[in-house]
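The lines below spell out each chain.
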Amino acid sequence: MNHDDRNKKGGARRSRALVLGAGGPVGRTWQSGLIAGLIEREIDLGDASLIIGTSAGAIVGAQLALGLKFAAPSKFDLAGVREFERRVRVARRDGAGDAVARTRN
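Residues numbered from 1 in each chain as written. Predicted model: local features only at pLDDT ≥ 70, side-chain atom pairs only at ≥ 80, totals over all residues. Heavy atoms only, no water.

A separate point is the overall build of the protein chain. Broken down by element type, the protein chain carries 4 helices and 5 strands. Secondary structure elements of the protein chain occur, N-terminal to C-terminal, as α-β-β-β-α-β-α-α-β. Scored against the burial criterion, the 105 residues of the protein chain give a buried share of 29%. For the protein chain, restricting intrachain contacts to residue pairs at least 6 apart in sequence, the fraction spanning at least 24 positions comes to 74%. Element-wise, carbon and sulfur atoms account for 54% of the exposed surface of the protein chain, whose accessible area totals about 6900 Å². (Helix = DSSP H or I, 4+ residues; strand = E, 2+ residues; numbered from the N terminus. Buried < 20%, exposed > 50% of the residue type's maximum accessible area, 1.4 Å probe, protein only. Contact = heavy atoms within 4.5 Å. Areas by Shrake-Rupley, 256 points an atom, 1.4 Å probe, with all protein chains shown as cover.)

Printed below as a string of structure tokens:
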């Protein structure tokens, strides 16, 4: 059963929200590893209609919202991490807050 099959009720698509909490570097690593494992099993949390995070969860949520890669913590792609950090700096420069929220139409 794929995500689309589970997310339909009576033929109408339901919206989902993902809320990610804090945890510093350990929380970020834990959340990233969990998400990487779910992606390997074809469960994509980036499909959520709304992604909200605080602290480490904001970083992981932004990574999901931007469609950046997730890998097991021992396999992080440094180029991907640098690109993510660059995008965060740009977002902060442009006035983005600490929490990340994204909605889809």
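From this point, the discussion proceeds with the structure in view.
Further remarks concern the packing of helix H2 (residues 24–40) against helix H3 (residues 56–65). Working note: a packed helix pair is described by the angle between its axes plus the distance between those axes. Remark: H2 packs on H3, axes separated minimally by 8 Å, with the N-to-C direction vectors making an angle of 35°. By crossing handedness, the relation of H2 to H3 is classed as right-handed. Listed contacts from H3 to Gly 24, Gly 27, Arg 28, Gln 31, Ser 32 and Ile 35 of H2 are Ala 56, Gly 57, Ile 59, Val 60, Gln 63 and Leu 64. Of the residues in the contact of H2 with H3, the class split is 5 nonpolar, 6 polar and 1 charged. (Axes fitted to C-alpha atoms, helices over the stretch in contact; angles between N-to-C directions. Left-handed = near helix turned anticlockwise from the far one by under 90°. Nonpolar A, V, L, I, M, F, W, Y, C, P; charged D, E, K, R; others polar.)

The subject of this paragraph is H2. With 17 residues, H2 ought to run about 24 Å at 1.5 Å a step, and its terminal C-alpha atoms sit 24 Å apart, in line with that. Where the residues of H2 are buried, they touch strand E3 (17–20) and H3. In the stretch just after H2, Glu 42 is the one whose phi turns positive, near 65°. (Expected span 1.5 Å × (residues − 1).)

The side chains of a regular strand alternate, first on one face of the sheet and then on the other. In strand E4 (residues 50–53), alternate side chains face the same way, and those of Ile 51 and Gly 53 are buried while those of Leu 50 and Ile 52 on the opposite face are not. For E3 and E4, the ladder comprises 4 bridges, and the chain directions are parallel. When the bridges of E4 are listed, Ala 17 appears paired with Leu 50. Read from E3 through H2 to E4, the crossover connection turns out right-handed. (Pairing = 2+ DSSP bridges. Right-handed = clockwise from strand over helix to strand, strands pointing away.)

It is worth spelling out the side chain of Gln 63 at this point. Take Gln 63: it is sitting in helix H3. Under the relative-accessibility criterion, Gln 63 is labelled buried at 6%. The residues touching Gln 63, leaving out its near neighbours within four places in the chain, are Ser 32, Leu 68, Lys 69, Phe 70 and Phe 84.

Looking now at the nonpolar core. Membership of the largest hydrophobic core is limited to 10 residues, which are Leu 18, Leu 20, Ile 35, Ala 36, Leu 45, Ala 48, Ile 51, Val 60, Leu 64 and Phe 70. Counting residues per element, the ones that place at least two in this core are E3, H2 and H3. Once you skip the residues sitting within four places of it in the chain, Leu 18 turns out to touch Leu 45, Ala 48, Leu 50, Ile 51, Ile 52 and Leu 64. (Core = buried A, V, L, I, M, F, W, Y, C linked by side-chain atoms within 4.5 Å.)

Mean pLDDT over the protein chain stands at 76; residues scoring 70 or higher make up 68%. Low pLDDT, under 50, characterises residues 98–105; the predicted model gives this stretch 27 contacts beyond four residues in sequence or across chains. (pLDDT = per-residue confidence, 0-100.)

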